[in-house]
Structures are given as structure tokens and as C-alpha cells.
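Topology and contacts: notes
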2 protein chains.
Amino acid sequence: MKPSVVAIEPNGYFCSDCAVRGSAVCSSLDAAELREFEHLGRHVHFTAGETVFSEEDITTSFYNVLDGVMRLYKLLPDGRRQIVGFALPGDFLGMNISGRHNFSADAIGAVTVCQFAKVPFGRFIEDRPQLLRRINELAIRELSQARDHMVLLGRRSADEKVATFLLGWRQRLLALRGSLDTVPLPMSRQDIADYLGLTIETVSRTFTKLERHGAIEIIYGGIRLLDPARVEALAAA
Amino acid sequence: MKPSVVAIEPNGYFCSDCAVRGSAVCSSLDAAELREFEHLGRHVHFTAGETVFSEEDITTSFYNVLDGVMRLYKLLPDGRRQIVGFALPGDFLGMNISGRHNFSADAIGAVTVCQFAKVPFGRFIEDRPQLLRRINELAIRELSQARDHMVLLGRRSADEKVATFLLGWRQRLLALRGSLDTVPLPMSRQDIADYLGLTIETVSRTFTKLERHGAIEIIYGGIRLLDPARVEALAAA
DNA sequence: AAAGGCGATTGACCAAGATCAATTTTGGCG
DNA sequence: CGCCAAAATTGATCTTGGTCAATCGCCTTT
């Protein structure tokens, strides 16, 4: 919940060994640049439920997710929450133009990030258009995902929302880890509901319905996709 | 509807005189660069209802809106539509990483754009990090707006949606044209509904309700904001 | 000036999903 | 191993917004 003390590793790691080397912002850097870049970031660990940064906080750092899952969300004054995305390894967080974060980010389970102080990172980008281009690419990709999510939120039924979420989430994990027999769902039902613009009860009922129809099997911490075609049919509608 | 013949102006205009000079992508260019840039764009006119580009079209151009209003939208296979935004003068369209547009864009009323062929524009950016930085800035701003819109779509009631839309739209026009006594709404009720994830009937009823409460007055082609405080209270909720 | 047509409004009714309220399941922990 | 707390599920009922169906009003066209 509150940002408690976090472990900060000494810089005894190398970008070249990084798990997200290929997919993260730093994929645009060559070996020489990478060595310089190494001094900018430091690994920081967060435990389940910890907040990495909050909406309206002044941005002092950028983050590269290395391990774990984060929920990115916005709150209305009365407490209603909309999760605007889940961040996975390789995702880059903290870009904004107002100088403040425009959403909050919590760790779901244990998370490791590569944290960059804003100013030196900004200076490093300064004369490396490659890196800027990479950041731009990531922003544009996210924008496209955001628009897809608007369609989901504004125009799809509960069944379609849940089915689309399961397939999309599986797809992201597949891209990250290769094949999966089960689809882990580290986030709570409430998180899923707040991501899909539904209530927890509707999410739960929809899961149960999918299971009754033999499309999925609900297991601890995730689901098993028994009949992907059926789920896809539901998602397409 | 279908892209009919459009008038293309000869290059008898100057970027330095451009109506959106200060706010558009080109605001990052100096006088010398601007003169070179001038040769890249050409003004193109569209009439009401014409499609400027469609989702899944291969991207061959970027567009800078000079005049008029466009609706940006995505369609589901069964025809449901989600409007992901309205474009106004100064907005830059066409960025993507897949090489295809990820939404469609129609003119609402008459529209003039400054159109850039993708390849020469890309080359021009190549050695002008300033311009790239500006484009990045615009993408990040849009991303922030997209997230706000997700909250609206996923977590707000019909009344809140409509009130928020009216205030937000007014705000954009204010920034563009200075003070307004009335708020013009060039888009149809259906467009508003598809932007807010509602039906046309709900939008209409909500407008009527706001009018009965003395918050707005519905006039031809727009509304008059009689009681901004009341509308803001509704929007905040 | 009359007519036609399209977009907007209004009303009656309906249903998807929310809300309220128990249970049940699960996992952590003594 | 058994208890407690939190999360998830399930059921009953309600509400918001959607659907279906006229009707209205305004603008354009002849």
C-alpha cells in the first residue's frame, strides 16, 4: 500500500544480461551506449500491494519493469477505480508532459523495476535520437492499445469483455514466456472488474458461466483455456 | 462517405502564415526548417461526411488538421462504433507502428488538412530530433487523454459522461478560439453517443434533463452553458 | 409556401449488469 | 490441524440505460 522501505541493489548487474534487454526501451542502444546506460538505472524491488508511484505525484523517475506485474489505475474522487492497464516485464512507465504521473501504479505480487532518475535519463536521451525513437514507438503502441480498450469499455458486453481480456492477457504472456498450458491471473477479481468496467460479481459470474460451458477451467491463481475457439467466438461477437 | 475527388491547392501558402503554426507539430521548427518543411505538405479539403482514412488502410500520409472537426473511430465487425476522439485544428494524425492506421477518420463538416507523404516526412524527421520530440509530446498527451477517456467509459454514469463531455469540449474550443458564448456541437447526437459509450436516446434524454434543470440551453447546432457550476458538479460526482 | 426527410426527442417497456446480502472457498498462521 | 480473514462465488432483487416505436421539429428542396 504505502511505499515502504525497498531494497536497492548495488550496481552489480549488467544491462547486457537483462531479462528484458530485447524488448525494453534499451533495445535501441548498442553495446557501448549500454555500458554508459548501465549507470543510470538501479534495480528496485517492491512487494505485493506496494505503490510504485501515485497519480499527481511529481515525476522524478522512469521505470522499466523487469519482473512481476503491476496495475496501472486512476481513481475518481469517490473511490471508483479504473485500471488503465497491467504492466509486464519490458513495459516502460513514467512518460508524461505535465511533469506529473497521470495514473498510479501498484505492484501485484513481487515486482522488480529498473528505475531511472528523470534528469540524467533526460540528458542521456538528449543526443540519442534512437532512444527517443524507441520511446516514441512504445508510446504509440500504448496509444493503439488504449484505443482498443476504449472500444472494449464503451461498446462490448460483459461476456465479450471477459473473453477478450482472457485472450489478450494470454497473448501477452505467450509473447513474453512462450507457450502456456494454464493462464496465470495474478490480479484479483476486483482488479479484473476495474479493468473491464464491470463489478466483481459480474466477472465472477462470467467466469463461472464460461466454466459451465466447458470453455475454461478455473484453477487456483488462474484459468485453463479448454476451448479457445469458443472463447474467441465470444470475444468477437 | 466515400473518399470522392478532393481539391488540392497549389503550394501557394506559407507555413509561417499557418493558422495552427503555434500549436501543431511544426511549432518545433525554426524559420529555415519551416521553409523546407513547406514543400512537404499540401492542403487538402474534405467535405462533410468524407472519410480521410480508414482503419487498416496502409498508412501513406500523415495529417495535420488545419480547419474543421473530424471524428476518429473504430468499428466492431457487427457495426458497433466507438469514437475514440474528435480531432480539431492542430491535431496530428497518422502515427502508428504497424504501418496501418488503427482507426478511421471522417470529416464532420468541411475540413482542411495539411497532408504529408509518409516517406519524405519520415526522412525530414530523421535528422531533426526537435520534431521527433514534438511528435512524442503529442503522442504522450493523447495517451493521457485516452486514459482519462477510459475512466469515463468504464466508470462514469450517463449523466457524468454527458456533463464531462460538454465541459471538455468547451475547454478544447476555448483553448482554440478564446471565449465562447455558446458551445457549438458540430457532431451529431449519434457521434456523441458513440464517443461516450451510450445510445443516442440516452444522450438526448440527458441533454433534455440538463435543460429542464436550467443547466444548459439546447440551441441549433450546439448548446449554451447557462450554469457551468451545476454541470461541473454533475461531471465531478 | 408546401412537402419531404432526417435527425432529435419522447414514451413505454425490457434486460444487462449493479447492488445487496449471504455463503463458500481458500490460504495464512498459530 | 483447525481457525480466522480475505477473496470469491452465488442468489435475490433493483436500477440504469438500452430497445422499440412513434412523433416532432427544423431545414432543405422544389
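Please read these numbers as outputs of a predicted model, since none were measured by experiment.

Parameters at a glance
Residues numbered from 1 in each chain as written. Chains lettered and ligands numbered in written order. Predicted model: local features only at pLDDT ≥ 70, side-chain atom pairs only at ≥ 80, totals over all residues. Heavy atoms only, no water. Near = heavy atom within 4 Å. Polar contact = N/O pair within 3.5 Å; in protein donor to acceptor, adjacent residues only side chain to side chain. Helix = DSSP H or I, 4+ residues; strand = E, 2+ residues; numbered from the N terminus. Core = buried A, V, L, I, M, F, W, Y, C linked by side-chain atoms within 4.5 Å. Buried < 20%, exposed > 50% of the residue type's maximum accessible area, 1.4 Å probe, protein only. Contact = heavy atoms within 4.5 Å. Domains from an automatic or database assignment. Buried area = accessible area lost by both parts, 1.4 Å probe. Salt bridge = Lys/Arg side-chain N within 4 Å of Asp/Glu carboxyl O. Nonpolar A, V, L, I, M, F, W, Y, C, P; charged D, E, K, R; others polar. Pairing = 2+ DSSP bridges. Axes fitted to C-alpha atoms, helices over the stretch in contact; angles between N-to-C directions. Parallel < 35°, antiparallel > 145°, perpendicular 65-115°, else oblique.

1. Quick look at the protein's contact with DNA strand D
Taken together, 16 residues lie near DNA strand D, and A:Arg189, A:Ser204, A:Thr208, B:Thr202 and B:Arg205 sit nearest. When the atoms of DNA strand D within 4 Å of the protein are sorted by group, sugar and phosphate make up 63%. Within the side chain of A:Arg189, an N or O atom sits 2.7 Å from a phosphate oxygen of DNA strand D. Note that a phosphate oxygen of DNA strand D is positioned 2.8 Å from one of the side-chain N or O atoms of A:Ser204. Elements with a minimum of two residues in the surface near DNA strand D: α6 (200–212) of chain A together with α6 (200–212) of chain B. Looking at the surface near DNA strand D element by element, the count peaks at four residues for α6(A).

2. Section: the nonpolar core
By size, the foremost hydrophobic cluster in this structure holds 46 residues, and its most contacted members are A:Phe121 and B:Phe121. Setting aside its immediate chain neighbours within four residues, A:Phe121 contacts A:Phe37, A:Leu40, A:Phe62, A:Phe92, A:Phe116, A:Leu131 and A:Ile135. Core analysis: the second largest hydrophobic core is formed by 40 residues, A:Phe46, A:Val65, A:Leu72 and B:Phe103 among them.

3. Structural notes on the domain arrangement of chain A
All names here are of chain A. Domains assigned within chain A are domain 1 (15–149) and domain 2 (156–236). Taking only C-alpha atoms into account, the centre of domain 1 sits 26 Å from that of domain 2. The partner domain 2 presents 12 residues to the 14 residues of domain 1 that form the contact. Surface buried jointly by domain 1 and domain 2 totals about 1200 Å² across both partners, of which 61% is contributed by carbon and sulfur atoms. A per-residue breakdown of the area domain 1 buries against domain 2 is headed by Arg81, Phe86 and Leu88, which together make up 48% of the total. In this structure, the connection of domain 1 to domain 2 is made through four salt bridges. Per-element accounting of the side of domain 1 that touches domain 2 gives the leading share, seven residues, to strand β4 (residues 81–87). In terms of residue class, the side of domain 1 that touches domain 2 is made up of eight nonpolar, three polar and three charged.

4. Here's the deal with the pairing of strand β8 (residues 216–219) of chain B
When β8(B) meets strand β9 (residues 222–225) of chain B, the two strands line up antiparallel, connected through four bridges. Counted as the bridge partner of B:Ile219 is B:Gly222 from β9(B).

5. Notes on the side chain of A:Arg71
On the secondary structure map, A:Arg71 appears in strand β3 (residues 61–75). A polar contact of 2.8 Å, which involves the side chain of A:Arg71, links it to the side chain of A:Asp191.

6. Overview of the sheet that holds strand β9 (residues 222–225) of chain A
Within the open sheet, the three strands sit side by side as β7-β9-β8 (chain A). Their pairing is antiparallel. With partners counted over all chains shown, the strands left at the sheet margins are β7 (183–184) and β8 (216–219) of chain A, one partner each.

7. Concerning the packing of helix α2 (residues 118–126) of chain A against helix α3 (residues 129–155) of chain A
Residues and elements named next belong to chain A. α3 packs onto α2 with a crossing angle of 110° between their chain directions and a minimal axis gap of 7 Å. Classified by the angle between their axes, α2 and α3 sit roughly perpendicular to one another. Facing Phe121, Phe124 and Ile125 of α2, the residues of α3 in contact are Pro129, Leu131, Leu132 and Ile135.

8. Some details on the pairing of strand β6 (residues 104–117) of chain A
Residues and elements named next belong to chain A. Within β6, 10 of the 14 residues are buried, which leaves it mostly tucked inside the rest of the structure. Pairing of strand β1 (residues 41–46) with β6 involves six bridges; the strand directions are antiparallel. The residue of β6 that forms the bridge with Arg42 is Gln115. Note: β3 against β6, 11 bridges, orientation antiparallel. Bridged to Leu72 within β6 is Ala105.

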